[in-house]
Amino acid sequence: MGTTAAVLLWTLGVLALACGVLVFTLNSMARVTFALLASLVCVGGVVALLGLPYLGVVIVLMMAMEMVIMAVFMIAYMMNPAGLTPMSMLHNKRGALAISGVVFAALTSAVFVVPWPDRPRLRSKDTTVQVGMSLMGDQMLTMVTLGFVLLATMVGATVLATKRGRYDRFGDDLDQRPARDPAGGGVGR
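Residues numbered from 1 in each chain as written. Predicted model: local features only at pLDDT ≥ 70, side-chain atom pairs only at ≥ 80, totals over all residues. Heavy atoms only, no water.

## A look at the overall build of the chain
Filter applied, for reference: Strands here mean DSSP runs of E at least two residues long; helices mean DSSP runs of H or I at least four residues long; both are numbered from the N terminus. We call a residue buried when its accessible area falls under 20% of the maximum for its residue type, exposed when it is over 50%, and partly exposed in between, using a 1.4 Å probe and counting protein chains only. Contact definition: two residues touch when any of their heavy atoms are within 4.5 Å.
Scanning the chain for helices and strands turns up 7 helices and 0 strands. Mapped from its N terminus to its C terminus, the chain presents α and β elements in the order α-α-α-α-α-α-α. Looking at the 189 residues of the chain, the share that counts as buried comes to 17%. If you take every contact in the chain between residues at least 6 apart in sequence, the share linking residues at least 24 apart comes to 52%.

Here it is, written out as structure tokens:
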């Protein structure tokens, strides 16, 4: 790892930690959501810098969509305006501090207790295949096939759920102007 990558790795790590601390110090759900998003985007960058770019991008995309959806639902459905009313994100402060301290100590000691390998293993050039095989093993073909079947099922269900299509609205030759809506509303009534 080069100097630039190392500096970027440490910077993203510190930013992830700082934004994680902000999650527990900010006083509104909306601000906490975006602090958590920033923290998880930094974590995705760290994962990408550690040699798993596919997994890093997946983390960033997944967390961005999740946090944006959460923010939209807070703005739409929370009793206070957009989750901006001051509130405390900390509950059971002493218990949470004790549990987090014990977990941190256990994880830190595990770093020194685990027998790390002495020599580097030969790695696959394609990290995406490597992650896929480690996650799914011999069931990779099954999962890929299942993904296509689920996609076809969703598209088929959507097509079957709609009562009309473009041929219903624009005629057999798609030349009917204005469009006739068989449901009775819209343009061409």
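Here the narrative resumes.
## Some remarks on the environment of L17
Secondary-structure assignment places L17 in helix α1 (residues 3-25). Residue L17 is classed as exposed on the basis of its relative accessible area of 61%.

## Some words on the packing of α1 against helix α2 (residues 29-49)
Selection criterion: Fitted lines through C-alpha atoms give the axes, limited to the stretch in contact for helices. The angle between two N-to-C directions lies from 0 to 180 degrees. Comment on the angle field: the value is read as roughly parallel under 35 degrees, roughly antiparallel over 145, roughly perpendicular from 65 to 115, and oblique elsewhere. In this scheme the handedness of a crossing depends on how the near helix is turned from the far one: anticlockwise by less than a right angle means left-handed, clockwise means right-handed. For this classification, Asp, Glu, Lys and Arg are treated as charged, while Ala, Val, Leu, Ile, Met, Phe, Trp, Tyr, Cys and Pro are nonpolar and the rest, including Gly, are polar.
Contact geometry for α1 and α2: axes closest at 8 Å, N-to-C directions at 155 degrees. Judged by the inter-axis angle, α1 sits roughly antiparallel to α2. For α1 against α2, the interelement crossing comes out left-handed. Packed against α1, whose contacting residues are A5, L8, L9, L12, G13, L15, A16, C19, G20, L22 and V23, the element α2 presents V32, A35, L36, A38, S39, C42, V43, G45, V46 and L49 at the interface. Residue composition of the contact of α1 with α2, by class: 17 nonpolar, 4 polar and no charged.

## A closer look at the side chain of T33
Among the secondary structure elements, T33 is positioned in helix α2. Once you skip the residues sitting within four places of it in the chain, T33 turns out to touch M67, M70, A71 and M74.

## A few points about α2
In an α-helix there are 3.6 residues to a turn, and that puts residues three or four apart on one side. The cut-off we apply is this: To estimate how far a helix should extend, the number of its residues minus one is multiplied by 1.5 Å.
Taking 1.5 Å as the rise per residue, α2 with 21 residues should run 30 Å; its terminal C-alpha atoms sit 30 Å apart, in good agreement. Considered for burial, the residues of α2 that qualify are A30, V32, T33, A35, L37, S39, C42, G44, G45, V46 and V47. At its buried positions, α2 is contacted by α1 and α3 (53-77). G51, located one to two residues past α2, shows a positive phi value of around 105 degrees.

## Some words on the packing of α2 against α3
One way to put it is that α2 packs onto α3 with a least axis distance of 7 Å and a crossing angle of 175 degrees. Relative to α3, the element α2 lies roughly antiparallel. Within the contact between the two elements, α2 uses M29, A30, T33, F34, L36, L37, L40, V41, G44, V47 and A48 and α3 uses P53, L55, G56, I59, V60, M63, A64, M67, M70, A71 and M74. Of the residues that constitute the contact of α2 with α3, the class distribution is 19 nonpolar, 3 polar and no charged.

## Concerning a nonpolar patch on the surface
Convention followed: Like-charged residues are merged into a patch within 9 Å and nonpolar side chains (Val, Leu, Ile, Met, Phe, Trp, Tyr) within 5 Å, provided each residue has over 30% relative accessible area and no salt bridge. For every accessible area listed, the method is Shrake-Rupley and the probe measures 1.4 Å; residues are considered covered only by the protein chains on display. Salt bridge, as used here, is a side-chain nitrogen of Lys or Arg placed within 4 Å of a carboxyl oxygen of Asp or Glu.
Taken together, the side chains of L135, M136, M143, V144, L146, F148, L150, L151, M154, V155 and V159 make up a nonpolar region of the molecular surface, amounting to roughly 1,100 Å² of accessible area. Elements supplying a minimum of two residues to the nonpolar patch: α5 (127-136) and α6 (140-161). Top contributing element to the nonpolar patch by residue count: α6, with 9 residues. Note that V155 resides in helix α6.

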